[in-house]
Amino acid sequence: MSGASAVPAELKVTLLQHTPLPERAVASAGRLCYAPVSAAELKEVMSEDDVRRLVRGLVRSGHMSALEHAGFTFAIDGISRACSHQLVRHRVASYSQQSQRYVRFGSEGGFVVPPHIAASPEEYAVFQEAMENARRSYERLVELGLAEGRGNESVFEDARFVLPNAAETKVVVTMNARELRHFFALRCCRRAQWEISRLAWTMRHLVCSVAPLLFEGSGPGCMIGGCPEGKMSCGRSYTDEEIDAMELDRFVGDVG
Ligand SMILES: Cc1cc2nc3c(=O)[nH]c(=O)nc-3n(C[C@H](O)[C@H](O)[C@H](O)COP(=O)(O)OP(=O)(O)OC[C@H]3O[C@@H](n4cnc5c(N)ncnc54)[C@H](O)[C@@H]3O)c2cc1C
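Residues numbered from 1 in each chain as written. Predicted model: local features only at pLDDT ≥ 70, side-chain atom pairs only at ≥ 80, totals over all residues.

Draft legend 1. Broad picture of the domain arrangement of the chain. According to the domain assignment, the chain consists of domain 1 (14–97 + 169–251) and domain 2 (114–166). The distance between the C-alpha centroids of domain 1 and domain 2 comes to 35 Å. (Domains from an automatic or database assignment.)

Draft legend 2. Quick peek at the site of the ligand. Close to the ligand lie R89, H90, R91, V92, E179, H182, L186, R187, R191 and A192, which account for all nearby residues. Within the shell around the ligand, the residues separate by chemical class into three nonpolar, two polar and five charged. (Near = placed C-beta within 6 Å. Nonpolar A, V, L, I, M, F, W, Y, C, P; charged D, E, K, R; others polar.)

Draft legend 3. Highlighting the sheet that holds strand β1 (residues 12–18). Spatially, four strands are ordered β1-β2-β4-β3 in an open sheet, and the strand pairing comes out antiparallel. For this open sheet the edge positions go to β1 and β3 (94–97), each flanked by a neighbour on one side alone. Adjacent strand axes in the sheet meet at a mean angle of 20° when their direction is disregarded. In the sheet, β3 pairs with strand β4 (residues 168–176) via four bridges, with the strands oriented antiparallel. Paired with Q97 across the two strands is V171, which belongs to β4. Packing against the sheet, helix α8 (residues 177–187) makes contact with β2 (71–80) and β4, and its axis sits at approximately 125° to β4. (Pairing = 2+ DSSP bridges. Helix = DSSP H or I, 4+ residues; strand = E, 2+ residues; numbered from the N terminus. Axes fitted to C-alpha atoms, helices over the stretch in contact; angles between N-to-C directions. Contact = placed C-beta atoms within 7 Å.)

Draft legend 4. Layout of the confidence of the model for the chain. In this model, the chain carries an average pLDDT of 92, and 96% of its residues clear a pLDDT of 70 or more. Of all secondary-structure elements in the chain, the lowest mean pLDDT belongs to helix α2 (residues 39–42), at 72, while β3 reaches the highest, 98. (pLDDT = per-residue confidence, 0-100.)

Draft legend 5. Main features of the packing of helix α6 (residues 121–147) against helix α7 (residues 152–159). Interaxial distance between α6 and α7 falls to 9 Å at its minimum, and their mutual angle equals 150°. Overall, the two elements α6 and α7 adopt an arrangement that is roughly antiparallel. Crossing hand, α6 versus α7: right-handed. Contacts between α6 and α7 pair Y138, L141, V142, G145 and L146 from the former with V155, F156, D158 and A159 from the latter. When its residues are assigned to classes, the contact of α6 with α7 shows seven nonpolar, one polar and one charged. (Parallel < 35°, antiparallel > 145°, perpendicular 65-115°, else oblique. Left-handed = near helix turned anticlockwise from the far one by under 90°.)

Draft legend 6. Region of interest: helix α9 (residues 194–210). Taking 1.5 Å per residue, 17 residues should reach 24 Å; α9 reaches 25 Å between its end C-alpha atoms and fits that length. Turning to α9, its buried residues number three or more, namely E195, I196, R198, L199, A200, W201, T202, M203, R204, L206 and V207. (Expected span 1.5 Å × (residues − 1). Buried ≥ 20, exposed ≤ 12 C-beta atoms within 10 Å, placed from the backbone.)

Draft legend 7. Quick look at the pairing of β4. Bridge analysis of β2 against β4 gives eight bridges, and the strand direction is antiparallel. Paired with G71 across the two strands is N176, which belongs to β4.

Draft legend 8. Structural view of the nonpolar core. Formed by 53 residues in total, the largest nonpolar core has its most connected members in V26, V55, L199 and L214. Among the elements that take part in this core, α9 stands out by supplying seven residues, more than any other. Shared between two domains, this core takes at least three residues from each, and those domains are domain 1 (14–97 + 169–251) and domain 2 (114–166). Leaving out residues up to four positions away in the same chain, L199 has contacts with L11, V13, I76, I79 and C83. (Core = buried A, V, L, I, M, F, W, Y, C linked by C-beta atoms within 7 Å.)

Draft legend 9. Representation of helix α1 (residues 22–34). Relative to the 18 Å expected for 13 residues at 1.5 Å per residue, α1 spans 19 Å between its end C-alpha atoms, a close match to the ideal helical length. For α1, the full list of buried residues reads P22, E23, R24, A25, V26, A27, S28 and G30.

Draft legend 10. Region of the structure containing unusual backbone geometry. In the Ramachandran plot, L21 falls in the positive-phi region, its phi being about 45° despite a non-glycine side chain. Checked against the element boundaries, L21 lands in the loop between β1 and α1. Assessed through the 14 C-beta atoms surrounding it within 10 Å, L21 is described here as partly exposed. We note that E247 has phi near 45°; this positive angle belongs to a residue other than glycine. Turning to its location among the elements, E247 is positioned in the segment after α10 (240–245). Under the C-beta neighbour-count criterion, E247 is labelled exposed, with 8 such atoms within 10 Å.

Draft legend 11. Fine view of the environment of A185. Mapped onto the elements of the fold, A185 is located in helix α8. In sequence terms A185 and I224 are 39 residues apart; their C-alpha atoms lie 8.7 Å from each other. Every residue in contact with A185, bar those within four places of it in the chain, is listed here: P220 and G221.

If you want it as structure tokens, here you go:
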């Protein structure tokens, strides 16, 4: 393969960190609202049953602000710029994205291939050619810019204009449990685009493993009591078998 070959990028999502004992943090905040306790007393040991009862009560009653006390930080590798653009539309979150001004889109920078295109040899050939052309043009613009004596930042920020939506990017995102539940409701839905849907399901998979109570009953409308899509509804509720078949561990990164 030439240096201009299109390298397929793979999604990897890593849960970098989260609020310690996130379910307890939320339960403590909820308890303050409903019991005559001081901040010091909040530190009293609550039983597992108390935590479960409090968290379920908060979610059931819609007292969702208490869920904002638990934050989760993910490192996301191997998503396309098309996907990151959709992700950052979720405003109740914090983001850090690898810069195309400071970081040269180099040999490690890959391109995300949509599965339907990957499955069709003819479409894949067209896609590969477009990506190789984009990478070649980018490299040539960088060479020319550097030869003019311009600084890296100035050269990269211009050369990146020829990179496509498929270009891989890396993002660190922090969301609280309330926003994550909202994000899962929108983006785990079948109507969401395949890539952000895969990302959302993987993020849900990760947080369910560390805070199952906080994310109990989270997911697309069809899984939580009714599809909100009306005439646009796909009419096909997700099943547990279908979720298992996603094999989401494939997309989980190494904590290292
Ligand atoms: C299937 C699908 C198709 C889409 N298609 C398009 C499209 O064609 N074009 C397009 O532009 N976007 C599109 N979007 C993006 C969509 O419009 C939202 O920008 C995105 O989903 C973020 O949702 P949000 O605003 O609820 O989330 P967040 O920004 O995280 O906000 C969370 C919640 O906080 C509240 N909130 C946040 N900011 C404000 C505010 N300024 N004022 C009042 N309340 C606020 C709202 O209750 C909101 O639901 C699409 C999304 C989906 C899921």
